[in-house]
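Fold and contact review
Spelled out, the chains give:
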Amino acid sequence: MNQGPLNEKELEWLDGIFAKYASDRAVVDVSELDGMLTALLSGPSMPEPSEWLVAVWGGADSVPKWQDAREMERFMNLVFQHMEDISDRLSAYPDQYEPLFGAQDVEGEEYMVVEDWCYGYLRGVALSDWSTLPESHRMSLESIELHGREENQASLENMTPEAYQRSIDDIRLAALSLYEYWSEHQHPEPVAPAPYIAETKVGRNDPCPCGSGKKYKSCCLH
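Residues numbered from 1 in each chain as written. Predicted model: local features only at pLDDT ≥ 70, side-chain atom pairs only at ≥ 80, totals over all residues. Heavy atoms only, no water.

A count of helices and strands for the protein chain gives 8 helices and 2 strands. With 222 residues in all, the protein chain has 38% of them scored as buried. Restricting the contact set of the protein chain to residue pairs at least 6 apart, pairs at least 24 apart contribute 66%. For the protein chain, the exposed surface amounts to about 13800 Å²; the carbon and sulfur share of it is 50%. (Helix = DSSP H or I, 4+ residues; strand = E, 2+ residues; numbered from the N terminus. Buried < 20%, exposed > 50% of the residue type's maximum accessible area, 1.4 Å probe, protein only. Contact = heavy atoms within 4.5 Å. Areas by Shrake-Rupley, 256 points an atom, 1.4 Å probe, with all protein chains shown as cover.)

Our focus in this paragraph is the pattern of salt bridges. Using the criterion set out here, one finds 8 salt bridges in the structure. Between Arg172 and Glu98 there is a salt bridge, and its shortest N-O distance comes to 3.5 Å. Of this pair, Arg172 sits in helix H8 (residues 161–184) while Glu98 sits in the loop between helix H4 (69–91) and strand E1 (102–106), placing them 74 residues apart in sequence. (Salt bridge = Lys/Arg side-chain N within 4 Å of Asp/Glu carboxyl O.)

With respect to the element layout, Glu71 can be found in helix H4. Accessibility expressed as a relative area gives 10% for Glu71, which makes it buried. When residues no more than four places from it in sequence are discounted, the contact partners of Glu71 are Trp13, Ile17, Lys20, Tyr21 and Trp66.

Where a strand is regular, its side chains alternate between the two sheet faces. Bridge analysis of E1 against strand E2 (residues 109–113) gives 5 bridges, and the strand direction is antiparallel. Bridged to Ala103 within E2 is Met112. In sequence, E1 turns back onto E2 through a hairpin of 2 residues, with Glu107 there showing a positive phi of about 50 degrees. (Pairing = 2+ DSSP bridges.)

The next point concerns the packing of aromatic side chains. Within this structure, the stated rule accounts for 12 aromatic pairs. Considering the side-chain rings of Trp66 and Phe75, the 5.3 Å spacing of their centres and the 40 degrees angle between planes classify their relative orientation as tilted. Accessibility assignment for this pair places Trp66 and Phe75 in one class, buried. With 5.8 Å between their ring centres and 85 degrees between their planes, Phe101 and Trp117 make a pair best called edge-to-face. One end of the pair, Phe101, is in the loop between H4 and E1; the other, Trp117, is in helix H5 (residues 115–125), and 16 residues separate them in sequence. (Phe/Tyr/Trp six-rings, centres within 6.5 Å; stacked < 30°, edge-to-face > 60°.)

A word on the nonpolar core. By size, the foremost hydrophobic cluster in this structure holds 48 residues, and its most contacted members are Trp52, Trp57, Trp117, Tyr121 and Ile144. Counting only elements with at least two residues in this core, the list comes to helix H1 (8–21), helix H2 (30–42), helix H3 (49–56), H4, H5, helix H6 (135–148) and H8. Broken down by element, the residue count for this core peaks at 9 residues, all from H8. Apart from the residues lying within four places of it in its own chain, the contact partners of Trp117 are Ser31, Glu32, Asp34, Gly35, Thr38, Tyr97, Pro99, Leu100, Phe101, Ile144, Ile171 and Ala175. (Core = buried A, V, L, I, M, F, W, Y, C linked by side-chain atoms within 4.5 Å.)

All right, on to a negative patch on the surface then. Taken together, the side chains of Asp105, Glu107, Glu109 and Glu110 make up a negatively charged region of the molecular surface. For Glu109, the location among the structural elements is in strand E2. Since its relative accessible area comes to 46%, Glu109 is described here as partly exposed. (Patch = residues over 30% accessible without salt bridge, like charges linked within 9 Å, V, L, I, M, F, W, Y side chains within 5 Å. Lys, Arg positive; Asp, Glu negative; His and termini not counted. Charge placed at Lys NZ, Arg CZ, Asp CG, Glu CD.)

The next thing to look at is the layout of surface pockets. Estimates place the volume of the largest pocket at around 230 Å³. In terms of lining, the largest pocket is formed by 13 residues, of which the most central are Glu115, Tyr119, His147, Gly148 and Glu150. Of all the secondary-structure elements, those providing two or more residues to the lining of the largest pocket are H5, H6 and helix H7 (153–157). Residue composition of the lining of the largest pocket, by class: 4 nonpolar, 4 polar and 5 charged. (1 Å grid on protein atoms, 1.4 Å probe; cavity = no way out; pocket = protein on both sides within 12 Å on 5 of 7 lines; lining within 4 Å. Points joined across faces, edges and corners; volume = space filled by probe spheres on them. Nonpolar A, V, L, I, M, F, W, Y, C, P; charged D, E, K, R; others polar.)

Quick look at the environment of Asn158 now. Position of Asn158 among the secondary structure elements: in the loop between H7 and H8. Within the structure, Asn158 has its side chain in polar contact with the backbone oxygen of Ala154 (distance 3.2 Å). (Polar contact = N/O pair within 3.5 Å; in protein donor to acceptor, adjacent residues only side chain to side chain.)

What follows is about the environment of Glu150. Within the fold, Glu150 resides in the loop between H6 and H7. In this structure Glu150 comes out as exposed when scored by relative accessible area, which is 74%.

This paragraph deals with the packing of H5 against H8. Running from N to C, H5 and H8 point in directions that differ by 30 degrees, and their axes come no closer than 12 Å. Between H5 and H8, the crossing angle belongs to the class labelled roughly parallel. The two elements H5 and H8 cross, and the hand of that crossing is left-handed. Where H5 abuts H8, its residues Glu115, Trp117, Cys118 and Tyr121 lie against Tyr164, Ile171, Ala175 and Leu178. (Axes fitted to C-alpha atoms, helices over the stretch in contact; angles between N-to-C directions. Parallel < 35°, antiparallel > 145°, perpendicular 65-115°, else oblique. Left-handed = near helix turned anticlockwise from the far one by under 90°.)

Structure, rendered in structure tokens:
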């Protein structure tokens with residue numbers, strides 16, 4: 001698998017795949033995917049790929065019927081490459097980490113769109129147990145929820161342009177803060193029980209397993 005950030009052509013290809021296959025319940029674009037992957041990497045535990053990849057499409061019944069194996073393989077490779085790049089930036093180069101926000105052209109002027117990213121982040125949060133997040137870090141999550149929940153739309157509309165811009169700037173800082181907290185407070189992975197191995201039954205007249213040379217009934221049986 002390739003390493004490093006995806007280029008513009010690869011990001012556009014992924015956007016095309018979401019436009020082609022996404023249902024109403026699925027991730028809609030690369031920005032939302034970026035938010036979801038950031039939350040998965042930042043949370044208290046990492047869900048299995050079999051779980052979160054299905055969640056990307058909104059459920060098992062919405063997973064695409066791929067055009068061919070090559071299309072599916074390219075999608076998987078690019079998603080995991082992008083995830084690895086996010087992980088590297090969060091863990092080793094936080095000064096280089098930037099959420100992948102979208103953009104919208106309105107009458108020739110480009111505006112930043114953060115809602116999809118925040119909604120994706122909350123998708124990722126829902127896939128693990130964040131209930132132990134302390135109040136001291138709850139404000140960071142609320143900075144993302146402000147733009148990721150529809151019920152907050154009225155609050156956003158009543159903000160001054162300066163306050164709105166500050167709320168956007170807070171998202172990156174919140175993501176870094178939450179990653180830092182959970183990286184130090186990871187939930188332990190469940191330990192699988194050791195497999196039961198049935199012991200071989202020793203007959204009364206068999207040689208004793210202790211190695212004495214006597215029959216079992218005359219040695220360790222009693």
